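Residues per chain are reported as follows:
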Amino acid sequence: MATIRLYSSSGLYNGYYADIVFHAYTGGTTTIATNVLIPYYWTTDYYYGTYDFNFLNELEGTVCHLDIIPEPTPTPTSTETPTPTITVTETYTPDCNFDVDVDVIFPTPTPTTTPTETETPTPTITTTETYTPDCLFDVDIDVIFPTPTPTITPTETPTPTTTNTITETPTVTETFDCVFDIDVDVIFPTPTPTETPTSTPTETPTITITPTETFEPECVTSFTATEVFDPNSVRVEYIVHKLDNAAQGNVTNGTITGETIYLNVPVNTVMSITATTESGTSLIGWNTTPSETNLLQTQNVLTHTALNDITYYAIIDTNDVISKVMCYSPDSDLNDICLTCETTKTIYFDKSDYEANGILNVTWYQNAALTILADNGWYKDPQQTINPVIYQIGNGVATIFGVCDGDVMYCNI
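One structure accompanies this document, and this report is about it. (Residues numbered from 1 in each chain as written. Predicted model: local features only at pLDDT ≥ 70, side-chain atom pairs only at ≥ 80, totals over all residues. Heavy atoms only, no water.)

Here we come to the state of the cysteines. Tallying each qualifying case throughout the model produces two disulfides. The partner cysteine of Cys327 in its disulfide is Cys341, sulfur to sulfur 1.9 Å. When the S-S torsion is -100°, as for the bridge of Cys327 with Cys341, the disulfide is left-handed. Here Cys327 is found in strand 20 (residues 321–329), whereas its partner Cys341 is found in the loop between helix 1 (334–339) and strand 21 (343–350), with 14 residues between them in sequence. Here Cys338 engages in a disulfide with Cys404; their sulfurs sit 1.9 Å apart. Taking the sign of the S-S torsion, about -85° here, the bridge from Cys338 to Cys404 comes out left-handed. (Disulfide = S-S within 2.5 Å. Helix = DSSP H or I, 4+ residues; strand = E, 2+ residues; numbered from the N terminus.)

Below, the structure is given as structure tokens:
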């Protein structure tokens, strides 16, 4: 199980909300999380594939990608003129200005020659080792390939001749321009190839090197990275806080509009944010806490200087409407009404009538404009957990149908 941390090292995308979708390298698509704040931690058994970051709110329409591709398997091979070839290919194809540094170090291989044997011995030594190393993902990618030891088959002659030619062809492909940093350290251990020495009296020396090793490293680790914060930048949040669910409003800086906006700006920037409300809703005022007491101001336009990270709340409320969420049942079965709350409906009341007469002597509506009567049926308040009252609604008028008794089970006859 590995835990990866997905974040923006440049800081441009940190602190914004996004949906994260993972397209596995082996196939299949998974939605990791929706509407989450970047940076984000994800614990998984498999992390190879493409990550799509679909940003929300003020960055709506911005999509970033990150590709994590498994390391290829190098296969060194030597023939009569030993020519082991080591090829490493690393490919990264993200976007959004992600930075990846790649350092590849190839050590010098040192072949080993087996000395001349006795007149006619034929010893056979076979050793095969398979390694499955770990890969630690960090900011830089360091790939170290150890020295291979080739197999040598000498033939005893009066004048032995040894010819060793080793060719190394490293290939590194770099394609990256993304903000996410990934650190990878991959170490391939030194293989011990098969040795098959044979001594034969002859006049012509022959040396054959035939090593064949296959490495399939599996990387199961966690991602680590370091965020760099700009000390000259601050983060300011503006959030609409509703005193009543029926209230409707937004905050805007003239470019970005929504119930919540986040801005990263230089220190000492003068900010001007406006709170807007829809018909039937009014601004109570601005505050640094979601409270209608000790307000900073009651004007719609908030002007301030950004000195540090801070959150401002635009507190709004309905003018003449109050709302309640009620459990709803289309039939009168008391088992359904009292024991479950499968369906909820928001009911709206004239605020002054409700405060003066109570819930029984006021008309029930299904919209905040108070123009459409509530659906006929049976309702109860989900917040009333002890012996809740059941209200029957007909043409917007409420009557008491009964009371749920917690000690009685209602059954149909």
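What follows continues from the structure just given.
So, about the sheet that holds strand 3 (residues 29–37). The four strands are arranged 3-2-5-6 in an open sheet whose pairing can be described as antiparallel. Looking along the sheet, the strands with just one partner apiece sit at the ends: strand 3 and strand 6 (63–68). Neighbour-to-neighbour, the strand axes of this sheet turn through a mean angle of 15°, independent of strand direction. Pairing of strand 2 (residues 17–24) with strand 3, which is carried by six bridges, proceeds in the antiparallel orientation. Each bridged residue has a counterpart across the sheet, and for Ile20 the counterpart in strand 3 is Ala33. (Pairing = 2+ DSSP bridges. Axes fitted to C-alpha atoms, helices over the stretch in contact; angles between N-to-C directions.)

Before going further, it helps to examine the environment of Val325. Mapped onto the elements, Val325 comes out in strand 20. By relative accessible area, which is 38% here, Val325 ends up partly exposed. When the C-alpha atoms of Val325 and Asn245 are compared, they prove to be 9.5 Å apart, with 80 residues separating the residues in sequence. Not counting the four nearest positions on each side in its chain, Val325 is found in contact with Thr344, Lys345, Thr346, Asp381 and Pro382. (Buried < 20%, exposed > 50% of the residue type's maximum accessible area, 1.4 Å probe, protein only. Contact = heavy atoms within 4.5 Å.)

Take the environment of Asn264 next. Of note, Asn264 is situated in strand 15 (residues 260–266). In contact with Asn264, other than residues within four places in its own chain, are Asn14, Tyr16, Ser233, Val234 and Arg235. A polar side-chain atom of Asn264 sits 3.5 Å from a polar atom in the side chain of Tyr16. (Polar contact = N/O pair within 3.5 Å; in protein donor to acceptor, adjacent residues only side chain to side chain.)

Moving on to the pattern of salt bridges. Throughout the structure, instances matching the rule amount to five salt bridges. Between Lys242 and Glu259 there is a salt bridge; the shortest N-O distance is 3.3 Å. Residue Lys242 is located in strand 12 (residues 233–242), and its partner Glu259 is located in the loop between strand 14 (257–258) and strand 15; the two are separated by 17 residues in the primary sequence. A residue is classified by how much of its surface remains accessible, and Lys242, at 27% relative accessible area, is partly exposed. A salt bridge links Asp375 to Lys345, with the nearest nitrogen and oxygen atoms 3.1 Å apart. With Asp375 in the loop between helix 2 (351–357) and strand 22 (377–380) and Lys345 in strand 21, the pair connects residues that are 30 residues apart, well separated along the chain. Its relative accessible area of 30% is what places Asp375 among the partly exposed residues. Overall, Lys345 belongs to the partly exposed group, its relative accessible area being 24%. (Salt bridge = Lys/Arg side-chain N within 4 Å of Asp/Glu carboxyl O.)

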